[in-house]
There are 2 protein chains.
Amino acid sequence: MATKTVAFVYLIYKLITFVNSEESLNSILFNNSQYEFIDLTHSFDNNTVYWPDMQNFIFTKKFEQLSAAEKSWYAANDFAAGEHGGTHIDAPYHFYQSGIYVGEIPLEKLIIPLIIVDISSLVSDDPNFVLHKHHLDYILNNNLGKPCLLIFKFGWSKYFHDREKYLGITTGTDTLNFPGLSAEVAEWITTSYKNVVGIGVDVASVDPGSSTDFPVHKIVSKAGLYGIENVNLHRTVPDTGCTALVLPMKIAFGTGAPLRLVAICPKRNPLRF
Amino acid sequence: MATKTVAFVYLIYKLITFVNSEESLNSILFNNSQYEFIDLTHSFDNNTVYWPDMQNFIFTKKFEQLSAAEKSWYAANDFAAGEHGGTHIDAPYHFYQSGIYVGEIPLEKLIIPLIIVDISSLVSDDPNFVLHKHHLDYILNNNLGKPCLLIFKFGWSKYFHDREKYLGITTGTDTLNFPGLSAEVAEWITTSYKNVVGIGVDVASVDPGSSTDFPVHKIVSKAGLYGIENVNLHRTVPDTGCTALVLPMKIAFGTGAPLRLVAICPKRNPLRF
């Protein structure tokens, strides 16, 4: 009798959730306040960090006028930028000639479960840290084999407003110094975890700052994954359970583009099981 | 007995959905394919429609090089643009000096239930159509008093790739001709429907093309609503039940910005009630 009751309840539950599914996204997001929206994007202004040989973000006031007679105000600006600065996406075409452009990345890869791989305690502020396979158990433990975005937290967002420190610029040399992934990790992810659609980092490049041949960019691009650089991880984001909204400016033939990156995350629920 | 069973089932249902709520956003979006993602954004390229006195989108190839020796490829570009072209957002500051910038619009207004007000059959391709209050019963019927974005469909997206037709440029005059909202409708929405957080249109301006004093922009900006112009409505979007993702490039002090606009919509469900 108990088994029958459970089966009956489950059947009714599935039926209700199936039939009512059309209303449920809005109701789950907005009716019960069970989710919060976390902005993982650095703002674009004249101080936004760009890669050394890229066009910085330049913001030019074009109109800013108050008309007392008409009691009206009007303001508008122009801007110029390279594709690869601030919080941005790298399309596969950036490092792979047969790869797709920004405008071609399907939405199914841009609205996607998010896994945060927090290795900031391992990095411990070392600008020469390189992530190797032996450092990682997060991926093995949290990767469920379904499409997802991995974002690696090196703990570098706190330096974003100090460009020299963030990029690890050493006076008198061309070398940059900030942490990144090893080619070994990129190979491992792209061959063993074909469900991963993109890789993000809270530093200026998926390759370490000292890299000159960019193997991680090449491996990831060739495998069809996109990259996200300069993720803003000032706020703590749960390792699992969030949905990433990865919505770049839709530059049709872009090798990259400014990105608005948001995580929708469950608020803490004491009854979770 | 039947009443008790129903009450029991409902209780169990609420308990299950509450306790499991932390898993449910990802499961609802990705496990059962009950939702689809619809891109409401026009791509940015050298043909993207901009307002006449704005800087067009200019895309400049910076690097595009194949290194045979290293078997590697590298490509990157620069771009320049005005804030107000293509599919973009207008921040309240655009037409109201005390209004907020793009970078200040809270995410709670950018991830939001979507109501499509399809008046394309009324417009019937007339470039001088102006929407008045007496045309509208959609808002009264579908507005539930909760925060939402209204997008008005004039049926103009089909002209986007023909700039002269889209803007209604008449040779020898400065006048533009495309449909838009009346000041009456803007006043009505901002005073009677304080739950509306933004207004979008599938034309180049919320004001009609022939407007020279832009009352709709002024009313909407002063009321703290954002505007969305050049929405891409090539595809049919359900009038209600979708969630809008309104994610602009995060230009800190922007009066406007390129926008990636996506709707997450329920697929048709024959059992819906």
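This text follows the structure it describes.
Computed from a predicted model, the values in this text were never measured in an experiment. (Residues numbered from 1 in each chain as written. Chains lettered and ligands numbered in written order. Predicted model: local features only at pLDDT ≥ 70, side-chain atom pairs only at ≥ 80, totals over all residues. Heavy atoms only, no water.)

Caption draft 1: Broad picture of the interface of chain A and chain B. At the interface, 90 residues of chain A touch 90 residues of chain B. For the pair chain A and chain B, the two sides together bury roughly 8400 Å², of which 62% comes from carbon and sulfur. On the surface where chain A and chain B come into contact, there are 2 salt bridges. Close ionic contact of A:Asp39 with B:Lys250 constitutes a salt bridge, the shortest N to O distance being 3.1 Å. For the interface between chain A and chain B, the tally reads 30 residue pairs in polar contact (both at pLDDT 80 or more). Of all the secondary structure elements, the ones that give two or more residues to the side of chain A that touches chain B are α1 (2-19), α2 (21-31), β1 (35-39), β2 (58-67), β3 (72-82), β5 (111-118), β11 (242-248) and β12 (256-266) of chain A. Element by element, the count of residues in the side of chain A that touches chain B is highest for β3(A), at 11 residues. A breakdown of the residues in the side of chain A that touches chain B according to their chemical character gives 49 nonpolar, 23 polar and 18 charged. Two elements, β3(A) and strand β3 (residues 72-82) of chain B, share 5 bridges in a ladder whose sense is antiparallel. Looking at β3(B), one finds that A:Gly82 is bridged to B:Asp78. (Contact = heavy atoms within 4.5 Å. Buried area = accessible area lost by both parts, 1.4 Å probe. Salt bridge = Lys/Arg side-chain N within 4 Å of Asp/Glu carboxyl O. Polar contact = N/O pair within 3.5 Å; in protein donor to acceptor, adjacent residues only side chain to side chain. Helix = DSSP H or I, 4+ residues; strand = E, 2+ residues; numbered from the N terminus. Nonpolar A, V, L, I, M, F, W, Y, C, P; charged D, E, K, R; others polar. Pairing = 2+ DSSP bridges.)

Caption draft 2: Just the relation of the copies chain A and chain B, in detail. Mapping chain A onto chain B leaves a residual RMSD of 0.2 Å; the transformation is a rotation of 180° accompanied by 0.0 Å of translation along its axis. In the structure described here, the two chain copies are related by an operation that fits a two-fold rotation axis. When each C-alpha of chain A is compared by its distance to the rotation axis, A:Ala80 comes out closest, at 2.0 Å. Both copies share a contact surface, since 100% of the interface residues of chain A are interface residues in chain B too. (Least-squares fit on C-alpha atoms with pLDDT ≥ 70 in both.)

Caption draft 3: The arrangement of the sheet that holds β3(B) in detail. Taken in spatial order, the 4 strands line up as β2(A)-β3(A)-β3(B)-β2(B) in an open sheet, and their pairing is antiparallel. Of all strands in the sheet, those with a lone pairing partner are β2 of chain A together with β2 (58-67) of chain B, marking the two edges. Sheet twist, expressed as the mean angle between neighbouring strand axes with direction ignored, is 10°. Relative to β3(B), β2(B) is paired through 9 bridges, and the arrangement is antiparallel. Across the sheet, residue B:Phe59 finds its bridge partner in β3(B), namely B:Phe79. (Axes fitted to C-alpha atoms, helices over the stretch in contact; angles between N-to-C directions.)

Caption draft 4: Broad picture of the packing of aromatic side chains. Inspection of the entire model under this criterion finds 31 aromatic pairs over all chains. Positioned over the ring face of B:Tyr159 is B:Lys165, at 4.9 Å from the centre of the ring. (Phe/Tyr/Trp six-rings, centres within 6.5 Å; stacked < 30°, edge-to-face > 60°. Lys NZ or Arg CZ within 6 Å of the ring centre and 35° of its normal.)

Caption draft 5: Region of the structure containing the side chain of B:Lys250. Summarising the element assignment, B:Lys250 is placed in the loop between β11 (242-248) and β12 (256-266). Exposure remark for B:Lys250: the relative accessible area of 11% places this residue in the buried category. Separated by 3.1 Å, the side chains of B:Lys250 and A:Asp39 make a polar contact. Filtering out sequence-adjacent residues up to four positions away, B:Lys250 remains in contact with A:Asp39, A:Thr41, A:His42, A:Ser43, A:Phe44, A:Arg260 and B:Gly103. (Buried < 20%, exposed > 50% of the residue type's maximum accessible area, 1.4 Å probe, protein only.)

Caption draft 6: Summary view of the packing of helix α6 (residues 183-192) of chain B against helix α7 (residues 215-222) of chain B. Residues and elements named next belong to chain B. Contact pair α6 / α7: the axes reach a minimum separation of 8 Å and the direction vectors enclose 10°. Taken as axis vectors, α6 and α7 run roughly parallel relative to one another. Residues Ala183, Ala186, Glu187 and Thr190 of α6 touch α7, and the partners they reach there are Pro215, Val216, Ile219 and Val220. In the contact of α6 with α7, the residues fall into 6 nonpolar, 1 polar and 1 charged. (Parallel < 35°, antiparallel > 145°, perpendicular 65-115°, else oblique.)

Caption draft 7: Quick peek at the side chain of B:Asp202. Residues and elements named next belong to chain B. As for its placement among the helices and strands, Asp202 is situated in the loop between β9 (196-201) and α7. The buried charged residue Asp202 lacks any salt bridge, with Lys153 as its nearest oppositely charged partner at 6.4 Å. Among the polar contacts listed, one links the side chain of Asp202 to the backbone nitrogen of Gly155, at a separation of 2.9 Å. (Lys, Arg positive; Asp, Glu negative; His and termini not counted.)

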